[in-house]
Amino acid sequence: MWPGARRIHVAPSPGSGPGSQQSERRQEVSKMSDVDSDEAQLEMEEFPDGDEEFFEQTYIPNYGTMPGEQEQVTTDLGPYSKEATYLFGPKSGLLTANGTGYMSRCMVEFDGDEDSIYFADGQRRIDFVLVYQEEHKKPGDKKKMRSILSRKRKRAVFQQNLRTSGLEIEATRSVLDPNCIFLKLHAPWDLLCRYAEILHIKLPLHSNDMKPKTSSFNCITKIFSVDEDKIPPEPEYFTAPFEMEHINSFQTVDHDSFFPPATRSRIVKYILNRCEYKRGCSSKFGITKLLDSKTYSAAYPLHDCKFNQKSSDQTCHNERYLLYEEWGHPKNFYKLQPLDLIRRYFGEKIGIYFAWLGFYTGMLAIAGFVGLICFIFGILTLDHNTWSKEVCDPEIGGHMIMCPQCDRDCTYWRLNITCQSSRKLSVFDNYGTLVYAVFMGIWVTLFLEFWKRKQAELEYEWDTVELEQEEPRRPEYEAKCTIPKRNPITQEEELVPYSAFGKCMRLVCGGSTVLFWISLIIASVVAIIVYRLAVFFEFSVKLRDKISDLEPIRDYVTPQMATSVTASIINFLFIMLLNILYERVAIWITDFELPRTQTDYENSLTVKMFLFQFVNYYSSCFYIAFFKGKIVGYPGKPVYWLGRFRNEECDPGGCLVELSTQLLIIMGGKAIWNNIQEVLIPWLKNIIARCRKKSEEKLPRWEQDYQLQSMSKLGLFYEYLEMVIQFGFATIFVASFPLAPLLALINNIIEIRVDGWKITTQFRRILAAKAQDIGAWLPILHGVAVFAAVTNALIIAFTSDMIPRLVYYWALSVQPFGEHSSPTMQGYINTTLSVFKVSDFSNLSKPIYFPSWFDPATDTTCRYRDLRYPPGHPLQYEHSLYFWHVMAAKLAFIIIMEHIVFTVSFLLSYWIPDVPKHIKEQIKRETYLTQKLLHESHLTAWHNKMAATTKSLMKNPESLKVTDMDV
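Just so you know, these numbers come straight off a predicted model, no measurement behind them. Within any chain, residue numbers begin from 1 and follow the written order of that chain's sequence. Thresholds applied to this predicted model are a pLDDT of at least 70 for local features of residues and 80 or more for the giving and counting of side-chain atom pairs; totals over whole chains, interfaces and linings are not thresholded and use all residues. Where side-chain values are given, they derive from all heavy atoms of the structure, hydrogens and water being excluded.

Structural notes on the nonpolar core
Here comes step 1: By convention a nonpolar core is built from buried Ala, Val, Leu, Ile, Met, Phe, Trp, Tyr and Cys residues, the set being connected through side-chain atoms within 4.5 Å. Relative accessibility under 20% of the residue-type maximum defines a buried residue, over 50% an exposed one, and the middle range a partly exposed one, all with a 1.4 Å probe and only protein chains included. Ranked by internal contacts, the top residues of the largest apolar core, which has 134 residues, are Trp356, Tyr360, Trp443, Phe729 and Phe733.
Here comes step 2: The secondary structure listing takes helices from DSSP runs of H or I that are at least 4 residues long and strands from runs of E that are at least 2 residues long, numbered from the N terminus. A total of 14 residues in this core trace back to one element, the largest contributor, which is helix α21 (residues 598-626).
Here comes step 3: Only heavy atoms matter for contacts: two residues are in contact if any of them lie within 4.5 Å across the pair. Ignoring sequence-local partners within four residues, the contact set of Trp356 consists of Phe447, Trp451, Tyr720, Met723, Val724, Ile774 and Leu781.

This is the structure we're talking about:
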């Protein structure tokens, strides 16, 4: 019997014989609801009549053979040899019918070298690791027994097919858990070459002899670059898709280094994704399904060493250690990223993300710096702001009696109680903000155009230019291909998973589901609005009395501010909850649509998630910016929401401060939530796992990695989504909060190091994957850029008081409309607050009590925020001529600003080429060398051979005659 094999003995029931035993067995097999009919038939065939110990099982380790290491073993299976053969598969070749056969050596013992990433022979590199648990069940639980047998059968067939495909497998038992088995996979040289051709993997062909000129800015960037003594720059090569017949044309120094570890793991994962685990059923394949069914508990490539300690193996490059020390450690926050090393270790998909994030952060430094100057300008001009000083002036704002902002229970109030909010507003709402909004419209264009150039460089340097033609189909797509269809390109018939009508129906179902969830978000926004209206009424009545003892903050906590803060917090909680629910729905919809490639899958999911997130995150901000306080009527005839709640009004200074508060809460809360979810939780899980491990024994590399957290299949997707949503906050609403890009810059500097630290220390090694660009995120960023230009123009026109102030300063403050001889802001507050006669209040809205300083006999009017004719005018309470002048100026400003931004953006897009000139030249050079070295070389060799043959025949004509006679 094999070491490590386990036997469970169950005594037969009294009085049972061969006949009754077989009958019970057949009844048991007929009840196997979780096994399909062909498996049930196999079960009955595997247990012949006369077996008296039916439940006696021998569990054989499910791992494969190693070449040259087979030994003959005689088993102690007796009459149960067929069952053992079934567990391995009838054609596995491991066992014969009489229980004698060949199988691999039993579990390879760990030799104590915790840094080793090789098989026990020290020669074959571990390219991938599969992990599963040996399961034991006490006799009697037949359902659990069938489940165990089912998983063992799947593993046996799967591993046999892996061996058939050419992979080599070595099994090792866990040091901490004897029931945990690690299967180490190695892809030999010929297998790598075969799949490198299938996947069109590009490999070095010729050294790059067209290096670009050294930039004059290198002396500056060198300060922030990584230490080249520790991470030397990678040699540059021209590359070409690998072809085995032209292998001598490639830069093959040795077999071990020709295929990088990331490429080896990618090839093995490609095999794992397409390997069947059930004979005769083409839809039962792929490691993903086996992981979902708990047949295997993990599948991952290995890190090459510890993150905080170099490997003792001299052949190890210690790339993980270098990444942590020079990139992931917080001390490197000011350094540029080693993108080539990131790409080599984690693959192009991770590399392109960090390249984009680093480029975006660098561009944010410019936007953040200009925004900080704008903010400083607002602070410096604070004391020179005439309209703000008038609000705070006891002789002006202190004498202006404002009308109640809700019905009956609200009362009159003086304008100067909004002094602090008006001063805060003047910091953001100034002429500097106007210039900054135009600047950001141009900045967005520059960011996108220069990123396209950077992306083109990375596409060429990282060999992803032709990825769309190279990318294979998803296994899930291939499994559903049953409908024949003629390919218009090849004119050959191929199988597809759905017809044109079926594809249309899938898209319709997905689109309608997305619209339903967007409607749900709008409903939640309406609920928040109703909350605002109801709570503002309560705060207006009771807030002053509740905080009367809190003298330091009494002047700051106004009903509007309290309503805004609480509504923003509740809105943020709604956002997080809906995100969690919709995430699963979006994944389910995308799975149902069945995209062809992984890129198509991610692009489809990207569009769905962004549409949802866009509405979810920005809807409340749009309400505050463009709806709140815009349709409120006037005190004698207010507008009601849902026929019951009186519409909210903005502070006399406008809604800009409230919009800034909303942005700050959502951006800050989102950053904190994401860090908790992405960093703190994995870190705590790893800490708990280490605390549970009481043993101080050395662990092999594969078991150390198994203790780490696994990265979600959509982990990188959420990183992109987080940054694009932040990009929207930093651009769409920048006219209301100029510090948004600076806050985004600070967050991103931390984000880069946190993400680097996370994936190098807390997670298993991410499987390398190809990516040509940032996918659907680039057109989304273009859409956000256009939307930002329009939104900022609308914010300045309708949310800010910039245009009314400019109209007053240049037109209404001077004669003949005003009393001043030169433009000034004096009298602006008095001019922009309309007058209402208190006797015109309806019984529904008339206040039921008055403040102590209000005298109904003398105080016969109150003021409100609007531009309407005063009582007694022939058009009383109608919009005044000033209102229409301001409205015309606002529309003119929107048109002018949009045309300026879009014109400059168009010119910049035209002048800045998407692909740098030196990259175009290198692409042409690479194409030339590929043609010359791979294709023309054979033609030249053939010509040389023919010339030599002709020359030989000319020298010896008789040989031709002999040949002819022989023929």
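Further notes follow.
Focus: the sheet that holds strand β7 (residues 180-186)
Here comes step 1: When DSSP locates at least two bridges between a pair of strands, those strands are taken to pair. Strand order in the open sheet formed by four strands is β6-β7-β5-β10, and the pairing between neighbours is antiparallel. Either end of the sheet is taken by a strand with one partner, and the two such strands are β6 (168-173) and β10 (298-300). The average angle at which neighbouring strand axes cross in this sheet is 20°, direction not considered.
Here comes step 2: Of the pairings in the sheet, the one linking strand β5 (residues 128-133) to β10 comprises three bridges and is antiparallel in character. Residue pairing for β10: Val129 is matched across the bridge by Tyr300.
Here comes step 3: Helix axes are fitted only over the stretch in contact, all axes being lines through C-alpha atoms; the angle between N-to-C directions runs from 0 to 180 degrees. The strands touched by helix α4 (residues 142-165) within the sheet are β5, β6 and β7, with β5 carrying the most contacts at an inclination of about 165°.
Here comes step 4: Sitting on the sheet, helix α8 (residues 261-274) is in contact with β5 and β7, with an inclination near 45° to β5.

Points about the environment of Pro235
Here comes step 1: Note that Pro235 resides in the loop between α6 (218-224) and β9 (237-241).
Here comes step 2: Sequence separation between Pro235 and Ser207 is 28 residues; the distance between their C-alpha atoms is 7.8 Å.

Considering the state of the cysteines
Here, disulfide denotes a covalent bond that connects the sulfur atoms of two cysteines.
Here comes step 1: Cysteine sulfurs are considered disulfide-paired once they come within 2.5 Å of each other. For the structure on display, the rule yields three disulfides.
Here comes step 2: Paired by a disulfide, Cys392 and Cys419 hold their sulfur atoms 1.9 Å apart. Here Cys392 and Cys419 share a disulfide; its torsion about the S-S bond, 100°, makes the bridge right-handed. Residue Cys392 is found in helix α13 (residues 386-392), and its partner Cys419 is found in helix α14 (residues 419-428); the two are separated by 27 residues along the sequence.

Looking at helix α10 (residues 319-328)
What sets the pattern is the α-helix's 3.6 residues per turn: residues three or four places apart point alike.
Here comes step 1: Burial runs high along α10: ten of the ten residues are buried.
Here comes step 2: Those residues of α10 lying buried are Glu319, Arg320, Tyr321, Leu322, Leu323, Tyr324, Glu325, Glu326, Trp327 and Gly328.
Here comes step 3: Where α10 is buried, its residues touch α11 (339-346), α12 (348-380), α23 (701-706) and α25 (740-762).

Some points on the packing of α12 against helix α24 (residues 715-732)
Here comes step 1: The geometry of α12 relative to α24 is characterised by a closest axis approach of 11 Å and an angle of 15° between their N-to-C directions. Taken together, the axis directions place α12 and α24 in an arrangement best described as roughly parallel. The element α12 and its partner α24 pack so that their crossing is left-handed. Note on element contacts: α24 touches α12 through Leu716, Glu719, Tyr720, Met723, Val724, Gln726, Phe727 and Ala730, opposite Lys349, Ile350, Ile352, Tyr353, Trp356, Leu357, Tyr360 and Leu364.
Here comes step 2: Under the scheme applied, nonpolar residues are Ala, Val, Leu, Ile, Met, Phe, Trp, Tyr, Cys and Pro; charged residues are Asp, Glu, Lys and Arg; polar residues are all the others, including Gly. Its residues assigned to classes, the contact of α12 with α24 comprises 13 nonpolar, one polar and two charged. For this classification, under 35 degrees means roughly parallel, over 145 means roughly antiparallel, 65 to 115 means roughly perpendicular, and everything else is oblique. Take the far helix as the reference: if the near one is turned anticlockwise from it by less than a right angle, the crossing is left-handed, and if turned clockwise, right-handed.

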